[in-house]
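Chain by chain, the residues run as shown.
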Amino acid sequence: MDQIPVGEGRAFAVGDEQVAVFRPRGGGLHALQAVCPHRGGPLADGLIDAAQVVCPLHNHAFRLSDGRCTTGERSVQAYQVAVEDGEVVLRLTR
Amino acid sequence: MQELVVVGNGMAGARAVEEILTRGGGETFRITMFGDEPHGNYNRILLSELLARGADPDGQLLEEDLFLNPWEWYRENGITLHAGVRVVRVDRFAHRVYADDGSIVRYDKLVLATGSRSFFPPTEGLWADNKTLTPGVFGFRTLHDTMAMMRYARGKQRAAVIGGGLLGLEAARGLQAHGLAAHVVHAAEGLMNQQLDAQAGRVLRRSLERLGITVHTGTRTTAIRRTTDGAVSGVTFTDGTTLDVDMVVVTAGIRPNIGLAMVSGLETQRGIVVDDQLRSVDDDDIYAVGECVQHRGEVYGLVAPLWEQATVLADHITGADPQAAYHGSRLATKLKVAGVDVAAMGLKEPERPDDEFVQFSEPGRGIYQTVIIRDGMLVGATLLGDISKVASLTQAFDRRVPLPEERIRLLFDLGAPTAEVGAAELADEAQVCNCNGVSKGQLVACVRDGQRTVGGVMGATRAGKGCGSCKGLVADIVEAALGGDLETDPAEAYYVPCIPMDKPTLMTEIRQRGLRSSSAVFAELAQDGAEHAGSKMALSSLLRTMWGEQYIDERDGRFINDRVHANIQRDGTFSVVPQIAGGVTTPAQLRRIAEVAERYNIPLLKLTGGQRIDLLGVRKEDLPRVWADLDMPSGHAYGKSFRTVKTCVGSDFCRFGLGDSTQLGIDIEQRYKGLESPAKMKLAVSGCPRNCAESYVKDVGIVAVEGGRWEIYVGGAAGATVRKGDLLATVDSRDEAVTLTGRFMQYYRENAKWLERSYDFVPRIGLTELRAIVVEDRDGIAGRLDEAMQDSVDAYYDPWQEHRHPATPGQFRDALPLVQLPKVPIR
């Protein structure tokens, strides 16, 4: 958990998946597919607030809760994520 | 084989033969040509130039320049040329021509291309005898005339040119080159009144007078005065006044040579009357071409119609196109008259009450332009002094294409179409936002789907969210689509979308409440107290500007570029630009950059427009080591901040340099480097007004001028928008230049909207207002601005020092861990 600074996101490789985990300032934890469906931008590098992440390449915005894009692009996969004993636990449903 | 005889070896006769030969006429015809002049065929148009350049002994026009067809051309094409031989009669019934050397030649087809001759108005003393002009009087028609004029002009003081048409003005200019004072005497009020209206004539007159030519209009020459030995000594005008001159050139027009046609029994009026196939109306075996021809009542004295006639004649006579027909020429001419550009086409003045007439006159610069439009078509245009639009006008004139609604656009480029016009006239498929590929149709559809504000449409379509240069047009299209239903979006005045305050109000609140971090501002001022991703970057920038060292830096409020101090690229790698202040580097720096580039497999090394070196394609996790190994400060090529100062080599090396622009540029960059601002700031310092560092198109551009002074321009741009900066002030010392640059930038930092570049900011505030505030200190805030700037300068630290201690966990951690970077090709 301490790999993710408050208010930012970090990307992790989980098996064959790349997952961006976000830690909004207001609390909570969210995990989305790390790659923007528009032009492959790194979502973990995006600015976030309590509700959304904005891709740093072309400003497409995705809801942290379910990965839906609010700017007309395809949605991204959202993952269940929780903290257990200071460790981030991801559930990749296939 | 048929016999083809061509009478006339001038431009029309020779051109007709050339056209006949290219259509295989050499197989059909044995060709005989008669030429009055004892030369081959030459380009009469160049005689003016020959006269003008003949003054210069090295400037002699070479024969190959002047002559169109050398003797070999006649030989190679099997043409029998009788040069210097005049045909005196045609026996149409015996099909024979009789020449003045006694020769008689039979023809099957005859082409008359007898051209025209100078017209000598009846004037006392003009002629020495029935055939000979008074010594010192010249026509200006032939090579012989031109050579004789040049010989006679030697050592002479003054010449009168009778006739202020095209040829007369050329003669005057040419004689000037021989050291003579030239006087042009013109019977009409306006010069070149065949082609130009009276006002154009007046503008042209001023231009010529500036060139030292004296112009007498509205008067005739009634007599040529002679010395006792019979040579020219002066001229007498209608009103009895006289002018002493050493020579007289008569350019009072031309007359078609129709004598031969007349004595041979062909119909002649002003010229030899021909049908649409260029045949004499009396004789199907006799063609005529060129200046001697009268077709549908018109006689032409310019070269373009002659080319068209020669084509039709050749098509018809060879049978290449028996249907070929000449319908007359629409005259569009482009000339340089005595060094002045002139273009004229069609009508010179409106003729009907409902003809549209657009007129532009700027006599001070010798510019006069008109267009005449009838029924939406261009029927006439005159361009004098500036003929830059001649191509499009000629096209409109020739092809009769529809014209722009705003007629003035025929004469001037008024920049991009004005927004209102642009919005209404744009086709639905026209791309409005070129960054995000949004068409007008998509914007309109978005309005139809219920968006009621410009901001809403921009958000939904992403139009205007790239470089932003199309925002105005987007707003106009949305407005038009709503048809007055536009809801003003109060949010457009907000500094950031989530806080309902404009920038001054927001700053006051922040200061009063002592809010030093983004999260504090969101908590106190945002709707619902919620933070908002899209507002963070703007807010962080403002807070740093306001609080300097007291700012509480929250890393999550920064855009990725500002978190890792490098510019993110399309594949998620970064570009690294070390500081090279003023564009001045050293061998040691270059060596280090080269070593780093090799060590980290940097895919692309590129020189930037800001005179620096860009290392592109650097992986995020390599950034700290790249900085450490470069051991150079950040060049700040990634933020909304002060970027770079471009310089020229100034006074140290450049032989034109007036001030040490290089050092001033370095000093300014060192002082203000990396300052955050509402949008990026690019600067330049040039050592002289040649402006090699492009200071006129920078956010702040400084130019050294004579006397140790520096001009400071603000609001320039040469990106998505191109704008020349406005001169804010001229200062006496480099220290003042540094201070004033800083004061302007601080005012901009405090007052510009987020992402508002100086090229929008300066016009919005207004140059006068800016000068009053920044230069004249009308509001008494100059001292405070300077102090605030000093605080910001003092708060500076080099962000690349973070390679030692990362600011956050995983600051340089790969955000696409499974993607092999760089994805760009390595050059």
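Basis of the calculations
- Residues numbered from 1 in each chain as written.
- Chains lettered and ligands numbered in written order.
- Predicted model: local features only at pLDDT ≥ 70, side-chain atom pairs only at ≥ 80, totals over all residues.
- Heavy atoms only, no water.
- Buried < 20%, exposed > 50% of the residue type's maximum accessible area, 1.4 Å probe, protein only.
- Helix = DSSP H or I, 4+ residues; strand = E, 2+ residues; numbered from the N terminus.
- Pairing = 2+ DSSP bridges.
- Contact = heavy atoms within 4.5 Å.
- Buried area = accessible area lost by both parts, 1.4 Å probe.
- Salt bridge = Lys/Arg side-chain N within 4 Å of Asp/Glu carboxyl O.
- Polar contact = N/O pair within 3.5 Å; in protein donor to acceptor, adjacent residues only side chain to side chain.
- Nonpolar A, V, L, I, M, F, W, Y, C, P; charged D, E, K, R; others polar.
- Patch = residues over 30% accessible without salt bridge, like charges linked within 9 Å, V, L, I, M, F, W, Y side chains within 5 Å.
- Areas by Shrake-Rupley, 256 points an atom, 1.4 Å probe, with all protein chains shown as cover.
- Lys, Arg positive; Asp, Glu negative; His and termini not counted.
- Charge placed at Lys NZ, Arg CZ, Asp CG, Glu CD.
- 1 Å grid on protein atoms, 1.4 Å probe; cavity = no way out; pocket = protein on both sides within 12 Å on 5 of 7 lines; lining within 4 Å.
- Points joined across faces, edges and corners; volume = space filled by probe spheres on them.
- pLDDT = per-residue confidence, 0-100.
- Arc of directions from axis to C-beta.
- Core = buried A, V, L, I, M, F, W, Y, C linked by side-chain atoms within 4.5 Å.

Draft legend 1. The pairing of strand S18 (residues 247-250) of chain B, seen in detail. Residue and element names in this part refer to chain B. Side-chain alternation along S18 places Met247 and Val249 on one buried face and Val248 and Val250 on a second face that is also buried. Two elements, strand S11 (residues 137-139) and S18, share three bridges in a ladder whose sense is parallel. Bridge pairing links Phe138 to Val249 in S18. As judged from the four bridges shared by strand S12 (residues 158-162) and S18, these two strands associate in the parallel manner. Considered in S18, the bridge of Val161 is made with Val249.

Draft legend 2. Region of interest: the pairing of strand S1 (residues 2-7) of chain B. Residues and elements named next belong to chain B. Among the six residues in S1, five count as buried, and that is most of the element. Relative to strand S2 (residues 29-35), S1 is paired through six bridges, and the arrangement is parallel. Bridging across to S2, Glu3 finds its partner in Arg30. Bridge count for S1 against strand S9 (residues 109-112) is four bridges, and the pairing is parallel. Looking at the pairing, Leu4 lines up with Lys109 of S9.

Draft legend 3. Spatial organisation of the sheet that holds strand S6 (residues 61-63) of chain A. All names here are of chain A. Across the sheet, three strands lie side by side as S4-S5-S6; this open sheet has antiparallel pairing. Only two strands of the sheet have a single neighbouring strand rather than two, namely strand S4 (47-48) and S6. Inspection of the sheet shows S4 paired to strand S5 (residues 52-54) by two bridges, in the antiparallel sense. Bridged to Leu47 within S5 is Val54.

Draft legend 4. Region of interest: the interface of chain B and chain A. Taken together, the contact pairs 32 residues of chain B with 35 residues of chain A. Together chain B and chain A conceal approximately 2,700 Å² of surface at their shared face, both sides included; 53% is due to carbon and sulfur atoms. Our count for the chain B to chain A interface comes out at four salt bridges. Across the pair Glu8 of chain A and Arg563 of chain B runs a salt bridge whose closest N-O atoms are separated by 3.5 Å. Here chain B is connected to chain A by twelve residue pairs in polar contact (both at pLDDT 80 or more). Of all the secondary structure elements, the ones that give two or more residues to the side of chain B that touches chain A are helix H18 (533-547) and helix H19 (560-564) of chain B. The element that contributes the greatest number of residues to the side of chain B that touches chain A is H18 of chain B, accounting for three residues. Residues belonging to the side of chain B that touches chain A are distributed by class as follows: twelve nonpolar, eight polar and twelve charged.

Draft legend 5. Examining a negative patch on the surface more closely. Residues and elements named next belong to chain A. On the surface, Asp2, Glu84, Asp85 and Glu87 cluster together into a negatively charged patch. Take Glu87: it is sitting in strand S8 (residues 87-91). On the basis of relative accessible area, Glu87 is assigned to the exposed category, the value being 53%.

Draft legend 6. Inspection of helix H6 (residues 143-153) of chain B at higher detail. Buried within H6 of chain B we find Leu143, Asp145, Thr146, Ala148, Met149, Met150 and Ala153 of chain B. Backbone geometry just downstream of H6 of chain B places Gly155 of chain B in the positive-phi region, at approximately 75°.

Draft legend 7. View of empty space enclosed by the protein. Residue and element names in this part refer to chain B. One pass over the structure, following the stated rule, counts three cavities of 30 Å³ or more. Empty space within the largest cavity amounts to approximately 470 Å³. Along its surface, the largest cavity is lined by 27 residues, and Arg544, Arg558, Asp562, Gly674 and Glu676 are the ones closest to its centre. Top element by residues in the lining of the largest cavity is H18. It accounts for four residues. Of the residues that constitute the lining of the largest cavity, the class distribution is ten nonpolar, ten polar and seven charged.

Draft legend 8. Region of interest: the side chain of Asp556 of chain B. Residue position: Asp556 of chain B is located in the loop between H18 and H19. Taking the relative accessible area as the measure of exposure, Asp556 of chain B reaches 3% and is therefore buried. Residues in contact with Asp556 of chain B, not counting those within four places in the same chain, are Val6, Gly7, Glu8, Arg25 and Leu47 of chain A together with Glu531, Lys536 and Arg563 of chain B.

Draft legend 9. A look at the confidence of the model for chain B. For chain B, mean pLDDT is 89; residues scoring 70 or higher make up 96% of the total. Predicted confidence is poor over residues 415-421 of chain B, with pLDDT under 50, and the contacts of this stretch with residues over four places away or in other chains come to eight contacts.

Draft legend 10. Region of interest: helix H17 (residues 518-525) of chain B. Residue and element names in this part refer to chain B. For H17, the complete set of buried residues consists of Ser518, Val521, Phe522 and Leu525. Projection of H17 onto a plane perpendicular to its axis shows the buried side chains occupying an angular sector of 100°, all on one side. Where H17 is buried, its residues touch helix H16 (503-513) and H18.

Draft legend 11. View of the nonpolar core. Ranked by internal contacts, the top residues of the largest apolar core, which has 50 residues, are Ile31, Val97, Leu110, Leu112 and Leu313 of chain B. With six residues, the top contributor of residues to this core is helix H10 (residues 303-318) of chain B. With residues near it in sequence (within four places) discarded, Val97 of chain B still touches Val5, Phe34, Val87, Arg89, Val90, Ser103, Ile104, Val105, Tyr107 and Leu110 of chain B. Among the nonpolar cores identified, the runner-up in size contains 45 residues, and Ala11, Cys36, Ala44 and Leu57 of chain A belong to it.

Draft legend 12. Representation of the environment of Lys471 of chain B within the structure. Residues and elements named next belong to chain B. Examined against the element boundaries, Lys471 turns out to sit in helix H15 (residues 471-482). According to the relative accessible area criterion, Lys471 is partly exposed, its value standing at 41%. Residue contacts for Lys471: discarding those within four places in its chain leaves Met458 and Gly464.

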